[in-house]
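# Survey of secondary and tertiary structure
In case you want the letters, here they are:
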Amino acid sequence: AAWSDSPNFATPQASEFFFLAIYISEFIIKLYADPIGFWEDGYNLLDVVIFFIVFIPHIIPKIMGIYYPYINIAQGIQSLRILKIITYSRGMRTLITSVGQIASIVASVLILFFVLMYIFAILGFCLFGVSERADLDNWGNLALAFFTLFSLATVDGWTDLQEQLDARNFLLSRVFTIIFILLASFVFLSMFVGVMIIHTENSMKKFERELTLERHTILMEEKQAILKRQQEEVSQLMQTQKNVDYSFAELVENFKKTLRHTDPMVLDDFGTSLPFIDVYLSTLDNQDATISKLQELYYEMVHVLRLMLEDLPQKEQSQSSEKVDDK
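Just so we're clear, the structure is a prediction, and the values are computed from it rather than from any experiment.

## What about the overall build of the protein?
When its secondary structure is counted, the protein shows eleven helices and zero strands. Traced from its N-terminal end to its C-terminal end, the protein shows the element sequence α-α-α-α-α-α-α-α-α-α-α. Among the 327 residues that make up the protein, the fraction classed as buried is 24%. Considering only intrachain contacts with a sequence separation of at least 6, the fraction spanning at least 24 residues in the protein is 66%. Roughly 23,500 Å² of accessible area belongs to the protein as shown, and the carbon and sulfur atoms make up 65% of that amount.

## Side note on the packing of aromatic side chains
Applying the stated criterion across every chain yields a total of twelve aromatic pairs. Ring centres of Phe114 and Phe146 lie 5.7 Å apart, and the angle between their planes is 15°; this geometry places the pair in the stacked category. Placement of the pair is Phe114 in helix H5 (residues 103-128) and Phe146 in helix H7 (residues 142-153), with a sequence separation of 32 residues. On the basis of relative accessible area, Phe114 is assigned to the partly exposed category, the value being 48%. When the ring of Phe128 is compared with that of Phe170, the centres are 5.0 Å apart and the planes differ by 70°; the resulting orientation is edge-to-face. One end of the pair, Phe128, is in helix H5; the other, Phe170, is in the loop between helix H8 (158-167) and helix H9 (173-243), with 42 residues separating them in the sequence. In this structure, Phe128 and Phe170 share a single accessibility class: buried. A connected cluster of aromatic rings, assembled from ring pairs, spans Phe120, Phe128, Trp139, Phe170, Phe176 and Phe180.

## Considering H7
Its twelve residues place the ends of H7 16 Å apart at the C-alpha level, agreeing with the 16 Å of an ideal helix rising 1.5 Å per residue. Restricting attention to buried positions, one finds in H7 the residues Ala145, Phe146, Thr148, Leu149, Ser151, Leu152 and Ala153. Of the residues flanking the end of H7, it is Val155, one or two places downstream, whose phi is positive at about 55°.

## Section: helix H2 (residues 42-64)
Think of an α-helix as turning once every 3.6 residues; residues three or four places apart then point the same way. Look at H2: 32 Å from first C-alpha to last across 23 residues, which is about the 33 Å you get at 1.5 Å a residue. Within the sequence span of H2, burial applies to Asn44, Asp47, Val48, Ile50, Phe51, Ile53, Val54, Phe55, Pro57 and Ile60.

## Let's talk about the nonpolar core
Core analysis: the biggest nonpolar cluster contains 20 residues, and Trp139, Leu149, Leu152 and Phe180 have the highest contact counts within it. Sorting the residues of this core by element identifies H5, H7, H8 and H9 as the ones contributing at least two each. For this core, the leading source of residues is H5, giving six residues. When neighbours within four sequence positions are excluded, Leu149 is seen to be in contact with Met117, Phe120, Ala121, Trp139, Phe176 and Phe180. Core analysis: the next-biggest nonpolar cluster, separate from the first, contains six residues, Leu20, Ile50, Phe51 and Phe55 among them.

## What about the pattern of salt bridges?
Using the criterion set out here, one finds four salt bridges in the structure. Lys30 serves as the salt-bridge partner of Glu26, at 3.4 Å between the closest nitrogen and oxygen. Taken together, the positions of Glu26 and Lys30, both in helix H1 (residues 7-33) and four residues apart, correspond to about one turn of that helix. Judged by relative accessible area, Glu26 falls into the buried class, the value being 17%. Since its relative accessible area comes to 27%, Lys30 is described here as partly exposed. For Lys205, the salt bridge is made with Glu201, and the minimal N-O distance between the two is 3.6 Å. Here Lys205 and its partner Glu201 are both found in helix H9, four residues apart, which amounts to about one turn of the helix. Taking relative accessible area as the criterion, Lys205 reaches 42% and is therefore assigned partly exposed. Residue Glu201 is classed as partly exposed on the basis of its relative accessible area of 42%.

## Structural notes on the side chain of Gln162
Here Gln162 is to be found in helix H8. When its relative accessible area of 8% is taken as the criterion, Gln162 is described as buried. What Gln162 contacts, discounting residues up to four positions off in sequence, is Ser173, Arg174 and Thr177.

## Examining the confidence of the model for the protein
The pLDDT averaged across the protein works out to 76; a share of 79% of its residues lies at or above 70. Mean pLDDT in the protein bottoms out at helix H10 (residues 248-258), which sits at 62, and peaks at H7, which reaches 89. When the criterion is pLDDT under 50, residues 1-9 qualifies, and its contacts beyond four places in sequence or with other chains add up to three contacts.

## Description of the side chain of Ser151
Among the secondary structure elements, Ser151 is positioned in helix H7. Judged by relative accessible area, Ser151 falls into the buried class, the value being 17%. Among residues more than four places away in sequence, those in contact with Ser151 are Asp156 and Leu161.

## Description of a nonpolar patch on the surface
A cluster of nonpolar side chains, Ile111, Phe114, Val115, Tyr118, Ile119, Ile122, Leu123, Leu127, Leu142, Leu171 and Leu172, forms an exposed patch at the surface whose accessible area comes to about 1,000 Å². A per-element tally of the nonpolar patch places H5 first, with eight residues. Within the secondary structure, Val115 sits in helix H5.

Conventions we followed
Residues numbered from 1 in each chain as written. Predicted model: local features only at pLDDT ≥ 70, side-chain atom pairs only at ≥ 80, totals over all residues. Heavy atoms only, no water. Helix = DSSP H or I, 4+ residues; strand = E, 2+ residues; numbered from the N terminus. Buried < 20%, exposed > 50% of the residue type's maximum accessible area, 1.4 Å probe, protein only. Contact = heavy atoms within 4.5 Å. Areas by Shrake-Rupley, 256 points an atom, 1.4 Å probe, with all protein chains shown as cover. Phe/Tyr/Trp six-rings, centres within 6.5 Å; stacked < 30°, edge-to-face > 60°. Expected span 1.5 Å × (residues − 1). Core = buried A, V, L, I, M, F, W, Y, C linked by side-chain atoms within 4.5 Å. Salt bridge = Lys/Arg side-chain N within 4 Å of Asp/Glu carboxyl O. pLDDT = per-residue confidence, 0-100. Patch = residues over 30% accessible without salt bridge, like charges linked within 9 Å, V, L, I, M, F, W, Y side chains within 5 Å.

Now the structure itself:
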């Protein structure tokens with residue numbers, strides 16, 4: 001009680017109640033938003049379990065008293081609330097889902113491994129645990145044999161175990177140890193690790209594909225929004241062209257002012273829209289009209305030059321006749 005009343009305890013206790021208030025608020029909001037679907041999601045059930053775990057150290061002292069001998073265990077269980085970050089991390093949820101999907105395969109591998117250890121535990125007990133030179137510390141009963149085989153499977157201190165068997169002159173000890181390590185460590189444990197890695201890699205690839213698909217969907221939505229805005233602006237431009245007597249150059253300049261340089265320009269779908277085709281055809285018509293005027297001007301220039309060339313010899317002849325008369 002004196003420790004809880006100390007000033008140093010005020011800040012941790014206040015922060016504890018602050019996070020409890022956040023947990024309660026989040027739980028109530030989720031349950032209010034979807035009362036039925038809330039219980040169908042496994043991660044929501046995990047949140048419920050964490051929710052009750054958080055309240056255990058606060059409920060037990062009220063019921064059992066502050067001197068309850070297992071109160072420290074209840075306070076240590078609170079460390080499980082860090083599992084709440086799983087619900088906010090899609091990567092961690094993907095890994096947990098992949099582990100859940102291969103649970104049956106992993107269980108089969110573990111059962112085979114247990115059968116292998118059971119067989120070798122009986123062999124080890126019969127070979128090294130019942131004779132006059134028996135190693136009772138490692139092979140004295142079936143439980144000790146299981147523990148020794150587990151050390152051999154993890155290849156942790158197996159040389160010390162083998163030296164103890166060699167010291168008692170067991171002839172088959174080395175063959176027994178080598179065969180078990182080959183089967184347990186190099187076959188079953190490698191199989192277990194391989195299954196976990198393969199399925200985890202497949203799950204991560206699937207997760208990356210989902211992220212790519214989501215990014216593509218978001219990009220397409222932004223593209224459609226830009227396209228819609230551009231089509232509306234072109235439609236307004238065409239409507240303005242019909243209602244107001246503007247020149248084509250002025251309409252183009254007004255359209256340029258409506259474009260946002262921060263947005264990408266969508267051309268593939270926009271180029272097939274009717275407003276864009278209308279503007280494009282209008283542009284071609286204006287280009288044709290301009291070219292026609294240029295051609296007419298060119299023909300007029302050619303006609304004028306032809307007339308000038310026709311008049312040039314007559315003038316020269318008249319000038320030469322005048323010179324002859326003067327002579």
